Amino acid sequence: MEAWRCVRRGYGRCVVGRGRYPMLPHHQKSLGRDWTTPWENLQRCCWNRHISSCMRWPGHYSRAPYPYFSSRHFSLNWRPPCLFESRTPFQYWNWRPDNLSQTSLIHLSSYIMNSEGDEPSSKRRKHQGTIQRHWEYICNHNKDKTKILGDKNVDPKCEDSDNKFDFSVMSYNILSQDLLEDNSHLYRHCRRPVLHWSFRFPNILKEIKHFDADVLCLQEVQEDHYGAEIRPSLESLGYHCEYKMRTGRKPDGCAICFKHSKFSLLSVNPVEFYRRDVPLLDRDNVGLVLLLQPRVPRAACPVVCVANTHLLYNPRRGDIKLTQLAMLLAEISSVAHQKDGSFCPIIMCGDFNSVPGSPLYSFIKEGKLNYEGLAIGKVSGQEQSSRGQRILSIPIWPPNLGISQNCVYEVQQLPKVEKTDSDLTQTELDKTEVLVTAEKLSSNLQHHFSLSSVYSHYFPDTGIPEVTTCHSRSAITVDYIFYSAEKEDVARQPGAEVALVGGLKLLARLSLLTEQDLWTVNGLPNENNSSDHLPLLAKFRLEL
């Protein structure tokens with residue numbers, strides 16, 4: 001392994017294994033973490049230096065930070081070559097790899113990838129193709145009942161009827177152009193032309209047209225692009241658009257768009273997570289909650305609450321993430337609350353910047369979270385180590401936020417007092433103080449919704465994780481569509497079918513991909529997919 005450490009640091013080892021010397025000249029070492037050097041230059045720099053053993057790929061070890069050469073680069077009859085110009089004749093001097101010419105480039109990468117299978121850790125540009133996604137119909141429990149992307153036919157069991165209302169929802173982080181340019185280090189693997197907005201927007205609009213969802217929940221919608229291009233284009237497709245820009249100087253926000261032919265608008269409820277009077281809430285993220293009325297002939301029809309958000313990214317600020325989520329849930333509770341005390345069907349979409357199985361994700365699905373002793377960086381699951389991190393305070397947010405630990409707005413009411421303070425005994429005063437302290441110091445969060453995730457987050461046959469975003473730094477799931485559903489008694493294993501009972505029935509979902517799938521088309525964005533996130537798409541049925 002010392003040889004690999006030397007290669008990573010830009011040094012070679014001599015044949016006898018002692019001593020180190022620069023393997024690459026200074027101007028090539030200074031290229032940064034990813035080095036690209038012509039083949040002939042590397043030969044000249046490595047006279048009589050033993051690096052031929054580096055030309056291998058060790059099976060399924062996907063985190064190796066050294067050069068990658070697979071067997072497809074060479075003929076089946078090749079022998080270990082000398083990768084340098086020796087001052088003395090060498091018996092293999094006529095050796096040439098089949099697919100590696102004198103002008104080929106060698107990519108020395110020190111970047112660590114969490115790849116699956118036998119893929120290289122370096123972000124070398126792959127051939128450009130199209131990723132294949134298919135519909136997974138769930139309404140008949142038939143795993144084989146899937147349709148390839150582009151098939152306009154609908155499973156007959158998923159059709160509308162007099163007492164059913166079917167509709168589709170898309171959640172899509174379309175990647176703000178300003179954020180792309182401010183974080184260009186995430187897109188070093190991309191060809192420059194595919195990153196221009198003039199190239200990206202037609203692709204994004206093409207995807208939206210193709211999937212033809214009834215409701216769109218879009219994140220990272222840049223304000224100037226929304227006014228000039230996005231909103232006019234979507235309105236021409238029959239959508240009504242509502243938009244909430246981030247506070248402060250942030251140029252993007254969240255949008256919810258729905259088809260006039262399917263819904264009418266009852267209320268628009270923007271949520272700002274920045275609060276001047278709460279020091280904890282100093283970030284400019286926002287949410288948007290709409291109450292929609294399905295357009296059906298029946299006089300009495302349930303309404304649907306649709307929420308969209310983009311929570312804070314910072315992996316080390318789980319306290320802010322949980323508070324932002326609580327604020328969104330409080331607004332949803334206020335909007336979706338019915339006269340009989342129940343809640344109308346709820347769909348909550350967005351980029352939650354949290355991974356499956358994290359405390360924040362589990363809180364959404366299970367409706368409860370005891371955060372006592374929880375490290376602040378562990379909330380979203382993005383941080384692998386909690387070393388040096390502080391523990392979440394109890395309570396997380398101050399009382400003046402006006403949101404209870406049940407994630408609802410607190411109603412300020414004067415308590416009914418039968419005795420004055422002077423009438424209370426000292427014992428009663430002590431009991432009151434203890435009760436108030438215990439209530440204020442509760443570390444249990446709750447919400448009253450029964451929410452399930454459209455996606456399982458793992459492929460059932462292999463257990464490989466699904467991913468919703470993929471760029472130079474990571475490939476993980478952070479985007480979700482949650483919906484109202486009754487909980488099942490039996491705990492489900494990763495990759496199991498999604499629950500089909502509840503206020504909304506999940507009919508179908510557009511399949512997701514693995515990290516390995518995405519790197520076969522050079523990750524995201526690419527020539528055909530113009531965001532660093534994949535669109536999520538689901539079809540639901542509402543019982544009338």
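Thresholds, definitions, all that
Residues numbered from 1 in each chain as written. Predicted model: local features only at pLDDT ≥ 70, side-chain atom pairs only at ≥ 80, totals over all residues. Heavy atoms only, no water. Helix = DSSP H or I, 4+ residues; strand = E, 2+ residues; numbered from the N terminus. Buried < 20%, exposed > 50% of the residue type's maximum accessible area, 1.4 Å probe, protein only. Contact = heavy atoms within 4.5 Å. Expected span 1.5 Å × (residues − 1). Core = buried A, V, L, I, M, F, W, Y, C linked by side-chain atoms within 4.5 Å. Pairing = 2+ DSSP bridges. Axes fitted to C-alpha atoms, helices over the stretch in contact; angles between N-to-C directions. Salt bridge = Lys/Arg side-chain N within 4 Å of Asp/Glu carboxyl O. Parallel < 35°, antiparallel > 145°, perpendicular 65-115°, else oblique. Left-handed = near helix turned anticlockwise from the far one by under 90°. Nonpolar A, V, L, I, M, F, W, Y, C, P; charged D, E, K, R; others polar.

Within an unreviewed UniProt entry, the label attached to the protein reads Protein angel homolog 2, and the organism entered is Neomonachus schauinslandi.

A. Region of the structure containing the overall build of the protein. A count of helices and strands for the protein gives 10 helices and 22 strands. Here the protein, with 544 residues, has 51% of them falling under the buried criterion. Here the contacts in the protein between residues at least 6 apart in sequence split such that 71% fall between residues at least 24 apart.

B. Inspection of helix 7 (residues 318-336) at higher detail. An ideal rise of 1.5 Å per residue puts 27 Å on 19 residues; helix 7 measures up with 26 Å between its terminal C-alpha atoms. Across the 19 residues of helix 7, 18 count as buried, placing the element largely inside the fold.

C. Broad picture of the environment of Ile403. Of note, Ile403 is situated in the loop between strand 15 (368-370) and helix 9 (426-440). Relative accessible area serves as the criterion here: at 4%, Ile403 is assigned to the buried category. A C-alpha to C-alpha distance of 7.1 Å links Ile403 and Ala330, two positions 73 residues apart in sequence. Leaving out residues up to four positions away in the same chain, Ile403 has contacts with Ala326, Met327, Ala330, Trp397, Val408, Tyr409 and Glu410.

D. The arrangement of the nonpolar core in detail. Core analysis: the largest hydrophobic core is formed by 65 residues, its most contacted members being Phe167, Val215, Leu216, Leu234, Ile347 and Phe540. A per-element tally of this core places helix 5 (residues 197-211) first, with six residues. Once you skip the residues sitting within four places of it in the chain, Phe540 turns out to touch Phe165, Asp166, Phe167, Val169, Ile347, Val454, Ile481, Tyr483, Leu504, Lys505, Leu506 and Leu507. One finds Ala307, Leu311, Leu322 and Ile403 within the second-largest nonpolar core, a separate group that totals 47 residues.

E. Geometry of the sheet that holds strand 13 (residues 304-310). Sheet architecture is open: six strands sit in the order 11-12-13-14-20-17, paired in mixed fashion. What marks the edges here is a single partner per strand, and that holds for strand 11 (263-272) and strand 17 (451-453). Adjacent strand axes in the sheet meet at a mean angle of 20° when their direction is disregarded. Across six bridges, strand 13 lies against strand 14 (residues 346-351) in parallel orientation. From the neighbouring strand, Ala307 faces strand 14, where its bridge partner is Met348. In this fold helix 8 (residues 359-366) packs onto strand 14, strand 17 and strand 20 (479-484), with an angle of close to 125° to the strand it touches most, strand 17.

F. Focus on the environment of Ile256. Relative to the assigned elements, Ile256 resides in strand 10 (residues 252-259). Sequence separation between Ile256 and Leu288 is 32 residues, and the spatial gap between their C-alpha atoms is 7.5 Å. Leave out the neighbours within four places in its chain, and Ile256 touches Val215, Leu216, Cys217, His240, Cys241, Glu242, Leu288, Leu290, Val306, Ala307 and Asn308.

G. Structural detail: helix 8. Those residues of helix 8 that sit buried are Leu360, Tyr361, Ser362, Phe363 and Ile364. Its buried side turned inward, helix 8 meets helix 7, strand 14, strand 15, strand 16 (444-446), strand 17 and strand 20. Gly367, located one to two residues past helix 8, shows a positive phi value of around 80°.

H. Just the pairing of strand 22 (residues 536-543), in detail. In terms of burial, strand 22 is a largely internal element, seven of the eight residues being buried. Inspection of the sheet shows strand 7 (residues 164-173) paired to strand 22 by eight bridges, in the antiparallel sense. Bridge pairing in strand 22 places Met170 opposite Leu537. Here five bridges tie strand 21 (residues 504-510) to strand 22, and the two strands are oriented antiparallel to one another.

I. Inspection of the pattern of salt bridges at higher detail. Evaluated as defined, the whole model comprises 11 salt bridges. Between Arg509 and Glu136 there is a salt bridge, with the nearest N and O atoms lying 2.7 Å from each other. A residue pair is termed long-range when its members are at least 10 positions apart, and Arg509 in strand 21 and Glu136 in strand 5 (residues 134-137) qualify at 373 residues.

J. The arrangement of the side chain of Asn529 in detail. As for its placement among the helices and strands, Asn529 is situated in the loop between helix 10 (515-519) and strand 22. By relative accessible area, which is 10% here, Asn529 ends up buried. Residues in contact with Asn529, not counting those within four places in the same chain, are Ile131, Asn203, Glu207 and Leu524.

K. Up close: the packing of helix 5 against helix 6 (residues 223-236). Relative to each other, helix 5 and helix 6 sit at 25°, their axes nearing to 11 Å. The angle between helix 5 and helix 6 falls in the class roughly parallel. Remark: the crossing between helix 5 and helix 6 carries right-handed chirality. Contacts between helix 5 and helix 6 involve Trp197, Phe201, Leu205 and Ile208 from the first element and His225, Glu229, Ile230, Ser233 and Leu234 from the second. Classifying every residue of the contact of helix 5 with helix 6 gives six nonpolar, two polar and one charged.

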